[in-house]
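The lines below spell out each chain.
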Amino acid sequence: MTSPLVSVLMTAYNREKYIAEAIESILNQRYKNWELIIVDDRSTDNTLEIARHYERLDPRIKVYQNERNLGDYPNRNQAARYASGKYLKYVDADDMMYPFGLEQLVYYMEQFPEAGYGLCSLPQDRDRIYPFQLSPQEAYHRHYIQDKWIFHKAPLSSIIKREIFWQVGGFSGRLYLGDMELWLKLSQTYPVVLMPHGIVWYRVHENQQNTQNKTRPEIPFSYMIMELDFIKDENCPLSEQDKKLVEQKILRKQARNILFHLRKGRISTARKLLKMSNLTIFNLLPRAMGKISYPQITDIQ
C-alpha cells in the first residue's frame, strides 16, 4: 500500500475540555505519514496552550492562531490553506479517530484513483461490501431516489483530495449548510467512495453549533431550499425525469413541514418558512384539506 501524506485539519474554538483527547487520537494512529494542523479561532480558554504543548512534543503537529475569529467554515478553509498532503482529513477538536482510522481511509481511497472524496460512518449496504465507488449520477440517485442518505455526513466522516477541494472552491462559508453543500458540489463532477462505520468517533455535547437545528426550525428547512437549488442546477447529474421526481419530493417535504407548524398553532413560524420556501399558499391547500381550515391557511399570508 502507498503511504501518501494526510493533512489532518483540526479547527478549534474553546475546546479545552476535549482537544487533548482529539490530538492523542491522531498521535495514536497506526498510519504514520500525517501532519496535524491545528488552527485556533481566537479561543478565550486554554485551547491554544494545550495545542502548543503537543506541538512541542511532535514535529508533525503545527499550531496556528487566527488574527481574528473567522467562524466555522472560513476556519476550515484556513486550515486547508496550511495543508500540503494529498488528502485532507477533518477531525474537530471535540472528536476522535480510532487508531486504525487513517490507515483505513487511505487504503480505501487509494483503490479508487478517480474519486474526489470519500464518506465513512455509513450504514451497512445490503447488496455489496464497502468500500465502493459511486459516479456522480449514482451518488445523487442513491441519496435522492433510493433514500439511502450519504450527503448528510459531517466533515469528520470525510476524506478529500486536497487538489479537488480547491478545484470546487472549498467550503462556501454558508452557516450550517456547508457540509452537505460541499458533498453536493463535489458529486456534481467527481466519484465518491463509500466506507463503513468504525473509523471515526463523533462526540455529542450541548455546546455544539448543530444543536440549534433542534430549536430553530428555519435551519433544517434551509437545507431543503439548498437541495432544490442543486437539483435545478444545470450541473446536476440526474436525468431530467429523476430531477422532476426529486423536485416534487422536496416540495412535498417543505409543505409537510409548514403544515406541521401551522397545525401546532405556530403561525409566525409557518409564515417564515413559507416565505423561505419554493411554495405559495395555493400549493399548501390540497395537502391541508381535511386537516386545516381555509382561514387557518390564510393566516400565514
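Whatever comes next refers back to the structure up there.
Quick notes on the rules
- Residues numbered from 1 in each chain as written.
- Predicted model: local features only at pLDDT ≥ 70, side-chain atom pairs only at ≥ 80, totals over all residues.
- Heavy atoms only, no water.
- Buried < 20%, exposed > 50% of the residue type's maximum accessible area, 1.4 Å probe, protein only.
- Helix = DSSP H or I, 4+ residues; strand = E, 2+ residues; numbered from the N terminus.
- Pairing = 2+ DSSP bridges.
- Salt bridge = Lys/Arg side-chain N within 4 Å of Asp/Glu carboxyl O.
- Axes fitted to C-alpha atoms, helices over the stretch in contact; angles between N-to-C directions.
- Parallel < 35°, antiparallel > 145°, perpendicular 65-115°, else oblique.
- Contact = heavy atoms within 4.5 Å.
- Nonpolar A, V, L, I, M, F, W, Y, C, P; charged D, E, K, R; others polar.

Peer 1: What's the story with the pairing of strand S8 (residues 158-161) in this structure? I'm lost.
Peer 2: It is a general feature of regular strands that their side chains alternate between the two faces of the sheet. Of the two faces of S8, the one lined by Ser158 and Ile160 and the one lined by Ile159 and Lys161 are each fully buried. Across two bridges, the pairing between strand S4 (residues 87-90) and S8 is antiparallel. Considered in S8, the bridge of Leu88 is made with Ile160. As paired elements, strand S6 (residues 117-119) and S8 share three bridges and run antiparallel to each other. Bridge assignment links Gly118 to a residue of S8, and that residue is Ile159.

Peer 1: Explanation requested: the pattern of salt bridges in the structure shown.
Peer 2: Oppositely charged side chains may form a pair once their charged atoms are brought near each other. Within the structure shown, the criterion is met by 17 salt bridges. One salt bridge connects Arg60 with Asp58, and the closest N-O pair in it is separated by 2.9 Å. What makes Arg60 partly exposed here is its relative accessible area of 25%. Looking at Asp58, the relative accessible area reads 12%, which means it is buried. Put simply, Glu218 and Arg216 hold a salt bridge, and the shortest N to O gap is 3.1 Å. Owing to a relative accessible area of 19%, Glu218 belongs among the buried residues under this scheme. By sharing partners, the salt bridges in this structure join Asp125, Asp127, Arg142 and Lys148 into a single network.

Peer 1: Can you walk me through the packing of helix H7 (residues 178-186) against helix H8 (residues 218-232) in this structure?
Peer 2: To characterise two packed helices, one gives the angle between the axes of the helices and the distance between these axes. Taken N-terminus to C-terminus, the directions of H7 and H8 make an angle of 10°; their axes are 11 Å apart at the nearest point. The orientation of H7 with respect to H8, classified from their angle, is roughly parallel. Between H7, through Met180, Glu181, Leu184 and Lys185, and H8, the contact on the second element is made entirely by Tyr223, Met226, Glu227 and Phe230. Split into classes, the residues belonging to the contact of H7 with H8 amount to five nonpolar, no polar and three charged.

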